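Secondary and tertiary structure notes
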Amino acid sequence: MHFTDGEDSERLLNPHETLGSYGTMTLASSSHGSASDGIAIQREDQHGGELFDDVPRAKRQLGLFSVIFLIFNRVIGTGIYATPSVILRTSGSVGVTLLMWLTGALIAAAGTMVYIELGTGLPRSGGEKNYLEFIYRRPKFLVTCTFSVYALITGSAAANSVVFGEYVIHSLEMTPNRWNTRLVGLLCMTFCLLAHGTMHKFGLRFQNALGFSKLLILFAISASGLFCLVGVPGFAVREGYEKPRNFEWDKMWEGSRRGVNAFVTGMYSVIWSFTGYANANYALSEVKDPIRTIKRAAPLAMLFVTMVYMFVNIAYFAVVSKGDILESRTIVAALFFRNLYGPTTEKMLSIFVALSVLGNLLAGQFVQGRVIQELGREGILPYPSLLASNKPFNAPLAGLFTQYLVSCAFMLLPPPGDVYLFMISLSSYSSTIINTSVAIGLLLLYAPTYRIWEWNPPFRAPKAIIVLFFLSNLFLLIVPLIPPSNGSRVYEHLPYSLHVFVAYLVSLIGISYWYVRCIWIPRKKGCKLERHWMLQEDGVPRFVFKEIPQE
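I will try to describe carefully the structure that is included in this document.

Here is what the cut-offs are and how they apply
Residues numbered from 1 in each chain as written. Predicted model: local features only at pLDDT ≥ 70, side-chain atom pairs only at ≥ 80, totals over all residues. Heavy atoms only, no water. Helix = DSSP H or I, 4+ residues; strand = E, 2+ residues; numbered from the N terminus. Buried < 20%, exposed > 50% of the residue type's maximum accessible area, 1.4 Å probe, protein only. Areas by Shrake-Rupley, 256 points an atom, 1.4 Å probe, with all protein chains shown as cover. Core = buried A, V, L, I, M, F, W, Y, C linked by side-chain atoms within 4.5 Å. Contact = heavy atoms within 4.5 Å. Expected span 1.5 Å × (residues − 1). Salt bridge = Lys/Arg side-chain N within 4 Å of Asp/Glu carboxyl O. Axes fitted to C-alpha atoms, helices over the stretch in contact; angles between N-to-C directions. Parallel < 35°, antiparallel > 145°, perpendicular 65-115°, else oblique. Nonpolar A, V, L, I, M, F, W, Y, C, P; charged D, E, K, R; others polar. Pairing = 2+ DSSP bridges. Phe/Tyr/Trp six-rings, centres within 6.5 Å; stacked < 30°, edge-to-face > 60°. Lys NZ or Arg CZ within 6 Å of the ring centre and 35° of its normal.

Tallying secondary structure elements over the protein gives 19 helices and 5 strands in all. In the protein, which comprises 551 residues, the share counted as buried stands at 57%. Of the accessible surface of the protein, which amounts to about 22,800 Å², a share of 64% is contributed by carbon and sulfur atoms.

In terms of nonpolar packing, the biggest core is built from 140 residues, with Ile76, Tyr81, Tyr115, Phe164, Phe274, Tyr309 and Phe336 touching the most fellow members. Non-local contacts of Phe336, meaning those with residues more than four positions away in its chain, are made with Ile221, Ser224, Gly225, Ala315, Tyr316, Val319 and Val320. Ranked by size, the runner-up nonpolar core spans 9 residues in total, among them Phe141, Leu142, Cys518 and Ile519.

Our next topic: helix 1 (residues 64-75). In a regular helix each residue adds 1.5 Å, so 12 residues correspond to 16 Å; helix 1 covers 17 Å between its end C-alpha atoms and thus fits that length. Among all positions in helix 1, only Ser66, Val67, Ile68, Phe69, Leu70, Ile71, Phe72, Asn73 and Val75 are buried.

A few words on the side chain of Ser356. Note that Ser356 resides in helix 14 (residues 346-377). When residues no more than four places from it in sequence are discounted, the contact partners of Ser356 are Ile76, Gly77, Tyr81 and Lys214.

What follows is about the pattern of salt bridges. Inspection of the entire model under this criterion finds 13 salt bridges. For Lys129, the salt bridge identified is with Glu378, shortest N-O distance 3.0 Å. Taken together, the residues Lys129 in helix 4 (residues 128-135) and Glu378 in the loop between helix 14 and helix 15 (384-388) connect sequence positions 249 residues apart. The exposure class assigned to Glu378 is buried, which follows from its relative accessible area of 0%. Because the salt bridges share partners, they merge into one network encompassing Arg124, Lys129, Glu133, Glu374, Arg377, Glu378 and Arg531.

So, on to the packing of helix 3 (residues 94-121) against helix 11 (residues 290-319). Two quantities define a packed helix pair, namely the angle between the axes and the distance from one axis to the other. Relative orientation of the contacting elements helix 3 and helix 11 amounts to 170°, with a least axis distance of 10 Å. If you check the angle between helix 3 and helix 11, you find them roughly antiparallel. Here Val94, Thr97, Leu98, Trp101, Leu102, Ala105, Ala108, Thr112, Ile116 and Thr120 of helix 3 lie close against helix 11, whose contacting residues are Ile291, Ile294, Lys295, Ala298, Pro299, Met302, Thr306, Tyr309, Met310, Asn313, Ile314 and Phe317. When its residues are assigned to classes, the contact of helix 3 with helix 11 shows 16 nonpolar, 5 polar and 1 charged.

Counting buried positions along strand 4 (residues 527-535) yields 7 of 9 residues, so the element is predominantly enclosed. Of the pairings in the sheet, the one linking strand 4 to strand 5 (residues 541-549) comprises 9 bridges and is antiparallel in character. Counterpart to Trp533 in the pairing with strand 5 is Phe543. Counting the residues that bridge the hairpin from strand 4 to strand 5 gives 5 residues, and of these Gly539 lies at a positive phi of roughly 90°.

Here we take up the packing of aromatic side chains. As enumerated under the stated definition, the model contains 26 aromatic pairs in all. Plain terms: the ring middles of Tyr316 and Phe336 are 5.7 Å apart, the flat faces sit at 65° to each other, and that makes the pair edge-to-face. In this pair, Tyr316 is assigned in helix 11 and Phe336 in helix 13 (residues 332-341), connecting sequence segments 20 residues apart. Like Tyr316, the residue Phe336 is buried in the burial classification. An aromatic cluster is defined as three or more aromatic residues linked by ring pairs; in this entry it consists of Tyr316, Phe336, Phe337, Tyr341 and Phe352. Sitting over the face of the ring of Trp453, Arg137 holds its NZ or CZ atom 3.5 Å from the ring centroid. Residue placement shows Lys463 over the ring face of Tyr446; its charged tip is 4.4 Å from the ring centre.

Put into structure tokens, the structure is as follows:
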């Protein structure tokens, strides 16, 4: 394992400019450094954020359209096809279900505003890596090392790849089992790796095409349901199926549950259905005019998401009766297609869902490769020159391949059942820990003690919005600690909150790595680590460490 890196083919940038030290470590950097160096963009910046991360202009290939669908694709996967029935079961009525979705949209809007502020203040790829480094600066590099472990867990594509496999197998009229679904899932992950790692432009165009087609399909579903609701000829519920009365006022609120547990369970599912609004923040170094673009693209993407979620839910309830949804084990989208177009359309639905999941996977892996690349640029991880490089296909292939290996392990090694579900829950809860830390940190930046850091981004979210975002994440942190109600179980054989405690224990891996990497090894060698900003052959700068003997 190599901890220092100093290839002769690359040149140092301002090698004698010292920013400070920690223990046995000294930093040398250019003006365009790491977020951990306390460098953030100011409101009066006139360059749109493109000079904040000194990458080649040709690297910035994402425009408004691509950024919108980078977010839209990531938010919408399988949830809109299956989650509405789950929400209805917990809420008890159509009216309360729609109110829950609307509440989720407001919470997502708060999260979007928070990440626009963070993205405009630190317009560089990496997302939470940058924000946590900027806020929690001491001990130096501790946050970076800890986040690295969480990034590999939360970036796993295993769960959605298996879902993709299930729907593809179902569309082929085959019986899904452990191995055929995982084989298709493996092929799907391999395709994502090759598309974004070796065919950058094709992968981006294909991803955008899937996002646009997904939007059109969901709007077509919405229109079909609304046409049925208002009685347009040719869009009536077929004979033999119950005619819904879900929008009659007394029926709309019938069965509403007032218990706290029902509300908590329903809102938990709704909030998770809106996650992904920060997806573009992970790739801002590749966005043209990043400040202006993120301020426009993120709200537009989430507006499309909210419209789709609300109108598709209305469409479902216009076509499928409440009783049918509650009594059937079939996902609500399948009931919608059956009632409106006949049972033979089930295969078509499986194809729609599979394509939706594929778009979700492509959007997720696109940015995940950039996150690992940014970690490589910090010089903290092993083999930083490899991870930070865009060679040989002008794409972060090494970062994508690293995440590919982790996802394959998550998908292929655990057996079905508790262990597999545990891995999925661990990934989700780890994301919540990161988001909560970001929310607390942003509130700290407005505290009197932190004003010396001069946080003055081009966009500011209202403080009430930041508090709402913090509370929503605190909600997601606490809910898994609540024992499940009688008759429901999180796992068959494992404690219901095991993934919660393991998620916190994961941080110990990052802390241990940080201590060995940054403290113990330099002390043992009797040297100090000096960090320099270096320019790679592909034009992308990164940090490298030099071992300097102690005098």
